[in-house]
Amino acid sequence: GTIPVETANLSGQSQIIIGLKGNSPRVKMEIEDAWGNKQAAYLEGIEPDVEKIWAVPTAYFKNIDFTKTRFIMFIIEGENISGQLIVRSVQDAHAMLDRTTKDGLAAAAIAGAFWGYHRKPDDLDILGLANRIRSAALEVFVPASQMPKNTVAKFRHLTKNIFNARLSVYSDIEHLKNIIKNPGRSIVMTVDLTEDDISSLRGIEGLGRIRFMNFERVDAASMESRELENYLAEMISVLLVARIIERKDAEDRSSPIYRMLACMLEKYLSPTNDMDSYILNIADDNVSPITRLRYIITTILRALPIAVYKTIHPAVSVLWSA
C-alpha cells in the first residue's frame, strides 16, 4: 500500500519562531506542504556566535496549506560553502517574544530581519535603479508629522546629493496645493488619508500625474536617532522607487524595480492585500486619480514597531550607498 506522508498542522500558528546561529549571514527558509507546494523566505543578519530569534509570519506563505505542513528547510545558497548552521525551534513563543523585546535582545531580529519572500534585487540592479532615480529629478513630499524638524536639513541634503531629488515637508493636505509644481515627477507620502482629504486634493492641478502612498502614522518623535534615520531612509526609498516604476515593470514580477518595491513593502502591506494589485495601482496612471486615492485608503501601509528600525533594510542600505 501507499506509505502515508507525515505532516504537521501549523494552521493555528500566526508565526514560526526559530533561533538561528551560523557562519552564513543569509539563509533561505523553505516550507513545503503535503501537496508539493513550496514557498521560501529569506532570513538575514545571522551571526556565528550569537543566536538570534526570528518570528516569521505564516501569513507570508500564501501558497502553503499549513494544515498539512511537510517540511521546513533551511538552505544556505551558493557554491563551495563550509561552516555550520544551528537551528532551534523556540518553545513558549509568546514568553520568548516578551522576554527578548523587554530586554532589547534581538528585538531588531524579531521585528525586522525577516525580509519575506520577495528577494531583493542584486546589488548591481539596485545601483542601476539609483541611476534611474537620479535621471528622473523627482520631487518627494513628506508630512511634517513623520519628519521631525531636526532631520529636515540633513535629509534634504542627502536626497539631493544621492538621488538628485527634491525633498519637501508639508504641514497638511491644503499645503500641497501650493507647493506641488511638477505633478509628473511628484510623489506624496500621506498619513491616515481620509475621504475629506481626497476632496481637498481634487483642487490640485495635474492630480492624475501625482503619485501617492498612504501610511499609518508613526510616532517619529519618540524614535532614537539611529531608528529615526533608518525609518526616514526607508520611507524615502519606497517613495522614490514607487515614483519611477512604470506599468510594464509593475506587470513583470521578475523586474528589478518590482522586486525592489515588493521586498521593501511586504512588511507594511497587510497579508490580506495583494502585492501585484497594490504595485499596479501605483504604476497605472490611466486609472482615475480619485479611484487610486480611495484604493490606498483601503490598503493603508501599516505602522511597525519602532524596534524594526534598529537595523536598516539590506536593499535600502545598498540604494543609499549608490
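Scoring rules and cut-offs
- Residues numbered from 1 in each chain as written.
- Predicted model: local features only at pLDDT ≥ 70, side-chain atom pairs only at ≥ 80, totals over all residues.
- Heavy atoms only, no water.
- Helix = DSSP H or I, 4+ residues; strand = E, 2+ residues; numbered from the N terminus.
- Buried < 20%, exposed > 50% of the residue type's maximum accessible area, 1.4 Å probe, protein only.
- Contact = heavy atoms within 4.5 Å.
- Areas by Shrake-Rupley, 256 points an atom, 1.4 Å probe, with all protein chains shown as cover.
- Core = buried A, V, L, I, M, F, W, Y, C linked by side-chain atoms within 4.5 Å.
- Expected span 1.5 Å × (residues − 1).
- Polar contact = N/O pair within 3.5 Å; in protein donor to acceptor, adjacent residues only side chain to side chain.
- Phe/Tyr/Trp six-rings, centres within 6.5 Å; stacked < 30°, edge-to-face > 60°.
- Pairing = 2+ DSSP bridges.
- Axes fitted to C-alpha atoms, helices over the stretch in contact; angles between N-to-C directions.
- Salt bridge = Lys/Arg side-chain N within 4 Å of Asp/Glu carboxyl O.

Attention now moves to the overall build of the chain. When helices and strands are counted, the chain shows 12 helices and 10 strands. The 322 residues of the chain split such that 49% are buried. Excluding contacts between residues fewer than 6 apart, the proportion of contacts in the chain whose partners are at least 24 apart in sequence is 78%. Summed over its atoms, the accessible surface of the chain is roughly 15100 Å², and 49% of this surface lies on carbon and sulfur atoms.

Once that is clear, we can look at the nonpolar core. Ranked by size, the top nonpolar core spans 60 residues in total, and within it Met-147, Met-213, Tyr-231, Leu-261, Leu-319 and Trp-320 carry the most contacts. Top element by residues in this core is helix 7 (residues 225-244). It accounts for 12 residues. Those residues in contact with Leu-261, other than ones at most four positions away along the chain, are Val-238, Val-241, Ala-242, Ile-245, Ile-279 and Ile-282. Counting 17 residues, the second largest nonpolar core, distinct from the first, contains Leu-193, Ile-210, Phe-212 and Leu-293.

Across its 15 residues, helix 4 (residues 149-163) extends 21 Å between first and last C-alpha, which sits within 8% of the 21 Å expected from 1.5 Å per residue. Burial in helix 4 covers these residues: Thr-151, Val-152, Phe-155, Thr-159, Ile-162 and Phe-163. Where helix 4 is buried, its residues contact helix 3 (123-136), strand 8 (166-170), helix 7 and helix 12 (314-320). Immediately downstream of helix 4, the backbone of Asn-164 shows phi near 55 degrees, a positive value.

Turning to the side chain of Thr-58, a few remarks are in order. Within the secondary structure, Thr-58 is located in the loop between strand 4 (52-57) and strand 5 (69-75). Judged by relative accessible area, which is 11%, Thr-58 ranks as buried. Here the side chain of Thr-58 touches Gln-13 through a polar contact of 2.9 Å, landing on its backbone oxygen. With sequence-adjacent residues up to four places away left out, Thr-58 is seen in contact with Gln-13, Ser-14, Gln-15, Ile-16 and Phe-66.

The tally for this structure, following the rule as stated, stands at 6 aromatic pairs. When the centroid spacing of 6.3 Å and the interplanar angle of 85 degrees are considered together, the rings of Phe-61 and Phe-66 count as edge-to-face. The pair Phe-61 / Phe-66 is uniform in exposure class, with both members buried. Taken together, a centroid distance of 6.0 Å and an interplanar angle of 75 degrees make the contact between Phe-155 and Trp-320 edge-to-face. You can see Phe-155 sitting in helix 4 and its partner Trp-320 sitting in helix 12, a full 165 residues away along the chain. Trp-320 shares its class with Phe-155; the two are buried.

Further remarks concern the sheet that holds strand 3 (residues 38-44). The strand order 3-2-5 describes an open sheet built from 3 strands, whose pairing is antiparallel. Two strands bound the open sheet, and with one partner strand each, they are strand 3 and strand 5. Here the average twist between neighbouring strands, direction ignored, is 20 degrees. Strand direction decides the pairing type here: strand 2 (residues 26-33) and strand 3, joined by 7 bridges, are antiparallel. Residue pairing for strand 3: Glu-30 is matched across the bridge by Ala-40.

For the rest of this paragraph, the subject is the pattern of salt bridges. This structure, assessed with the given rule, holds 18 salt bridges. With a shortest N-O distance of 3.7 Å, Lys-28 and Glu-30 are connected by a salt bridge. Side by side, Lys-28 and Glu-30 carry an identical accessibility label, which is buried. The partner of Glu-139 in a salt bridge is Arg-185, and the shortest N-O contact between them spans 3.8 Å. In this pair, Glu-139 is assigned in strand 7 (residues 139-143) and Arg-185 in the loop between helix 5 (173-179) and strand 9 (186-191), connecting sequence segments 46 residues apart. Salt bridges sharing common partners tie together Arg-132, Glu-246, Lys-248 and Asp-249.

Looking now at the environment of Gly-19. The topology assignment puts Gly-19 in strand 1 (residues 15-22). On the basis of relative accessibility, which here comes to 0%, the residue Gly-19 falls in the buried class. Considered as a pair, Gly-19 and Val-87 are 68 residues apart in the sequence and their alpha carbons are 5.8 Å apart.

The buried fraction of helix 9 (residues 256-265) amounts to 8 of the 10 residues, a majority that puts the element mostly inside the structure. For helix 9, the full list of buried residues reads Ile-257, Tyr-258, Met-260, Leu-261, Ala-262, Cys-263, Met-264 and Leu-265. The secondary structure elements touched by the buried residues of helix 9 are helix 3, strand 10 (211-215), helix 7, helix 8 (247-250), helix 10 (275-283) and helix 12.

Function-wise, these values are silent; they only describe arrangement.
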